[in-house]
Amino acid sequence: MCQVGEDYAEPPPRESLPAPRLGCGQKCVKCKQGEPVVVIRAGDAFCRDCFKAFYIHKFRAMLGKNRLIFPGEKVLLAWSGGPSSSSMVWQVLEGLSQHSAKRLRFVPGVIYVDEGAACGRSLEDRAKTLAEVKQVLHTVGFPWHVVSLEEVFGLPPSVLRCCPQELAGTEGAYKAAVDSFLQHQHTLQVEGAGDSYSLARGDEEQSWPQSQDPHGPPSPAASPSAAQTEALCRLFESVQTLTAKEELLQTLRSHLILHVARAHGYSKVMTGDSCTRLAIKLMTNLALGRGAFLAWDTGFSDERHGDVVVVRPMRDHTLKEVAFYNRLFAIPSVFTPAVDTKAPEKASIHRLMEAFILQLQAQFPSTVSTVYRTSEKLVKAPREDCAGEPEGPRCLLCLCILDIDAADSATAFGAQTSTLSQMPPSALQAEAGTRTAPCCAVGRAPGCCWKACRREHDSQTQVIQQLCYSCRGNMKDLPSLDPLPPYILAEAQLRSQRYKTCLAGAQVGAPRAGSHTHFPQGPGHAGDPGLSDRGQ
Amino acid sequence: MAAPLSVEVEFGGGAELLFDGVKKHQVTLPGQEEPWDIRNLLVWIKKNLLKERPELFIQGDSVRPGILVLINDADWELLGELDYQLQDQDSVLFISTLHGG
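Bear in mind the structure is a predicted one, so any value in this text is a computation, not a measurement.

Q: With reference to specific residues and values, describe the overall build of chain B.
A: Of the regular secondary structure elements, chain B holds one helix and seven strands. Mapped from its N terminus to its C terminus, chain B presents α and β elements in the order β-β-α-β-β-β-β-β. In terms of overall size, chain B behaves like a compact globule, its C-alpha atoms giving a radius of gyration of 13 Å where 101 residues would be expected to give roughly 13 Å. Viewed in the frame of its principal axes, chain B has a C-alpha envelope of about 45 × 30 × 25 Å. Residue pairs in contact within chain B that sit at least 24 positions apart in sequence constitute 58% of those at least 6 positions apart. The distance from the centre of the 8 positive side-chain charges to the centre of the 17 negative ones in chain B is 8 Å.

So this is what it looks like as structure tokens:
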């Protein structure tokens, strides 16, 4: 399949494809009667009604099979305006409004993140998009939250902490919860209290007047300050590659959504990642060095944050099915340009992988489903710690268990400090930001500025050392970590100090098994190189 | 000898960005020797409608992978893809699935 020198620019001539071409006289493969309108997979033609039933069934089956969403639970729908998430929101809307025992039973809210500043859009364009967005949100009718990405500059460091929860998802527990919910509903109906879903909705609507009422007091949905917008623009402009930009955008967006979910009591977040997108994401993440975290990044549920679980109910739907459904049944969506709009094919790893997978899919129609089925088989293995220690520290940005061992981290750190001492003073100056003191030019003289420069660089290494392998790679594309939102730097500082206190208080006896030392003491801290307890 | 055809060409899902943001185009294809099929239509679109970045829309003699083609609201795979012969008052819709999520 992948031969050196094979030219992917031209698709092969049609005759060489294994799939037979469909004639015009075909009927729907399901009901054998209707006129087919869409071809799913390789050669299955569906008529309009069968396609609708098939699509809805896949969505309900995905939720039902996994049994993670309990009745009455508050679920935040992450809506980007794009086709997949719009389709997901509409499926939830339709699923909740059915008057049957099989209808969906959770309590939804919708969040929209305005990322215009990161994409370099003007304020007028963003306002126009927001107006369209609010119109759609009013049609949907769920409680909504519109936030702008600039709000990451106001996030607390607690966003980066995992709050583990008791596992509630045993088979018996789910069934018991559903039964008691149904019984409760039945009692309410008997007492004439009406539909309990609408009761719940009424409560929610009362408790969130800020987000819903456009004429109310200024809510977080009010436009962000110019300083924050400028800071965000500066951050994204300082990123040197599109790959790192996309990864940073995803990270910041997920932190923001997590914060809103926690603030308003949502225990689940639903994202609209489709099958095709997840297949592309799987391959991209492999290329980025996130192989250890594939199960969390592409699986149905992602519990890395502990109290808020991210679920992906659209992961069985291909982009083609989503696009057709949205067209045939007039699902509203709002198109917004992203950071990679109109970018050429090789502009980032994400784009390259997307082009690769989609081209392969055009020639071999089972590509996406094969990658998807492989991703389904990925199991989240608990990290094998020696002596059964609880799980180790987590990456500062992506919150996955750190996959770098002590040995590697020490060598990496060693390599970094040696390059540091060999770097020309001008590079040191540039890295430290605006410092232009001449004493740095003298080299490694222990002058005031040199120490200050080193301290600044130290805080950078402090952050880098708390990152997993792929996040480190991304951060390498930022010349300075200063433009990052303050909560990241604050949390890095906190963790580092906590670790040092830990070290200071630890017994000199047997070293703790499995304690991966991810941030050994740097030599520059006391201005005194070569501390005796460096590393462990 | 094909008579001139009146066809509605529509772009969605972000593809309209390559066409000055205009989603619907009512076009009249001139009469020509060979009958109008999707293959010829794509060449015509590239020459007359496409404003920028042809490689983001067309690849070889077909559309770029990731762009869906609907003819009268039906999948073009059911109608012969590039070889479908256009008829008067047909509606051809190009949806880009590559954007958003």
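On we go from here.
Q: Residue-level account of the interface of chain A and chain B, with values.
A: Size of an interface, as often reported, equals the accessible area lost when the parts are brought together. Taken together, the contact pairs 39 residues of chain A with 31 residues of chain B. Both sides together, the interface formed by chain A and chain B hides about 2800 Å², and carbon and sulfur atoms give 56% of it. For chain A, the biggest contributors to the area lost against chain B are Arg 327, Phe 335 and Lys 342 of chain A; these three give 25% of the whole. Between Lys 342 of chain A and Glu 52 of chain B there is a salt bridge, with the nearest N and O atoms lying 2.9 Å from each other. Put simply, chain A and chain B have nine residue pairs in polar contact (both at pLDDT 80 or more) between them. Counting residues per element, the ones that place at least two in the side of chain A that touches chain B are strand 1 (36–40), helix 2 (83–97), helix 12 (319–328) and helix 13 (349–363) of chain A. With six residues, the single largest contributor to the side of chain A that touches chain B is helix 12 of chain A.

Q: Provide a residue-level description of helix 1 (residues 38–48) of chain B, including the pertinent values.
A: Residues of helix 1 of chain B that are buried include every one of Ile 38, Asn 40, Leu 41, Leu 42, Trp 44 and Ile 45 of chain B, and no others. Of the surrounding elements, those touching the buried residues of helix 1 of chain B are strand 1 (5–12), strand 2 (24–29), strand 3 (58–59), strand 4 (62–63), strand 5 (67–71) and strand 7 (91–96) of chain B.

Q: Hey, could you go over the pairing of strand 7 of chain B for me, with residue numbers and the actual values?
A: Residues and elements named next belong to chain B. A large share of strand 7 lies buried, amounting to six of its six residues. Judged by which residues are buried, strand 7 turns out to be covered on both faces: Ser 91, Leu 93 and Ile 95 on one side and Val 92, Phe 94 and Ser 96 on the other are all buried. Relative to strand 7, strand 1 runs parallel, the two sharing five bridges. What sits directly across from Phe 11, in strand 7, is Phe 94. Sheet topology places strand 5 next to strand 7; five bridges connect them, and they run antiparallel. Its bridge partner lying in strand 7, Ile 67 is registered against Ser 96.

Q: So what about the sheet that holds strand 5 of chain B? Which residues, and what values?
A: Taken in spatial order, the five strands line up as 2-1-7-5-6 (chain B) in an open sheet, and their pairing is mixed. The strands lining the two open edges of the sheet, one partner per strand, are strand 2 and strand 6 (74–75) of chain B. Pairing between strand 1 of chain B and strand 2 of chain B: six bridges, direction antiparallel. Each residue of the ladder has a partner; that of Val 7 of chain B, found in strand 2 of chain B, is Val 27 of chain B. On the sheet, helix 12 of chain A packs against strand 1, strand 5, strand 6 and strand 7 of chain B and is oriented at approximately 40° with respect to strand 5 of chain B. Strand contacts of helix 1 of chain B: strand 1, strand 2, strand 5 and strand 7 of chain B, with the helix running at about 110° to strand 2 of chain B, the strand carrying the most contacts.

Q: So what's going on with the confidence of the model for chain A? Which residues, and what values?
A: Residue and element names in this part refer to chain A. Across chain A, pLDDT averages 78, with 70% of residues at or above 70. Low confidence marks residues 193–221, where pLDDT is under 50. Its contacts with residues over four positions away, or in another chain, come to 36 contacts. Long-range and interchain partners of residues 513–536, a stretch whose pLDDT sits below 50, account for 51 contacts in this model, where long-range means more than four residues apart.

Q: Quick rundown of the packing of helix 10 (residues 275–288) of chain A against helix 13 of chain A? Include the residues and the values.
A: Residues and elements named next belong to chain A. Their axes nearest at 9 Å, the elements helix 10 and helix 13 cross at an angle of 130°. Between helix 10 and helix 13, the angle falls in the class oblique. The handedness of the crossing between helix 10 and helix 13 comes out as right-handed. Taking contact as the criterion, the partners of Thr 276, Arg 277, Ala 279, Ile 280, Met 283, Thr 284, Ala 287 and Leu 288 in helix 10 are, on helix 13, Ile 349, His 350, Met 353, Glu 354, Ile 357 and Leu 358.

Q: Just give me the short version of the nonpolar core, but keep the residues and values in it.
A: Residues and elements named next belong to chain A. Ranked by size, the top nonpolar core spans 61 residues in total, and within it Phe 51, Leu 63, Leu 77, Trp 79, Val 92, Phe 106 and Met 270 carry the most contacts. At eight residues, the largest contribution of residues to this core is made by helix 1 (residues 48–66). Counting residues in hydrophobic clusters, the runner-up holds 54 residues, among them Leu 235, Ala 261, Val 463 and Leu 484.

Q: Any details on the packing of aromatic side chains? Residues and values, ideally.
A: Residue and element names in this part refer to chain A. Applying the stated criterion across every chain, the model contains 11 aromatic pairs over all chains. Ring centres of Tyr 55 and Tyr 325 lie 4.1 Å apart, and the angle between their planes is 10°; on these two criteria the pair is classed as stacked. Within this pair, whereas Tyr 55 is found in helix 1, its partner Tyr 325 is found in helix 12, the two being separated by 270 residues in sequence. Judged by relative accessible area, Tyr 325 falls into the buried class, the value being 1%. Measuring from centroid to centroid gives 4.8 Å for Tyr 325 and Phe 329, while their planes differ by 45°, and the two rings are tilted. As far as burial versus exposure is concerned, Tyr 325 and Phe 329 are alike and both buried. Ring pairing ties together the aromatic residues Phe 51, Tyr 55, Tyr 325 and Phe 329, which thus form one cluster. The lysine or arginine in question, Lys 74, covers the ring of Tyr 266, its NZ or CZ lying 5.2 Å from the ring centre.

Definitions and limits used
- Residues numbered from 1 in each chain as written.
- Chains lettered and ligands numbered in written order.
- Predicted model: local features only at pLDDT ≥ 70, side-chain atom pairs only at ≥ 80, totals over all residues.
- Heavy atoms only, no water.
- Helix = DSSP H or I, 4+ residues; strand = E, 2+ residues; numbered from the N terminus.
- Rg over C-alpha atoms; globule rule 2.2 N^0.38 Å.
- Contact = heavy atoms within 4.5 Å.
- Lys, Arg positive; Asp, Glu negative; His and termini not counted.
- Charge placed at Lys NZ, Arg CZ, Asp CG, Glu CD.
- Buried area = accessible area lost by both parts, 1.4 Å probe.
- Salt bridge = Lys/Arg side-chain N within 4 Å of Asp/Glu carboxyl O.
- Polar contact = N/O pair within 3.5 Å; in protein donor to acceptor, adjacent residues only side chain to side chain.
- Buried < 20%, exposed > 50% of the residue type's maximum accessible area, 1.4 Å probe, protein only.
- Pairing = 2+ DSSP bridges.
- Axes fitted to C-alpha atoms, helices over the stretch in contact; angles between N-to-C directions.
- pLDDT = per-residue confidence, 0-100.
- Parallel < 35°, antiparallel > 145°, perpendicular 65-115°, else oblique.
- Left-handed = near helix turned anticlockwise from the far one by under 90°.
- Core = buried A, V, L, I, M, F, W, Y, C linked by side-chain atoms within 4.5 Å.
- Phe/Tyr/Trp six-rings, centres within 6.5 Å; stacked < 30°, edge-to-face > 60°.
- Lys NZ or Arg CZ within 6 Å of the ring centre and 35° of its normal.

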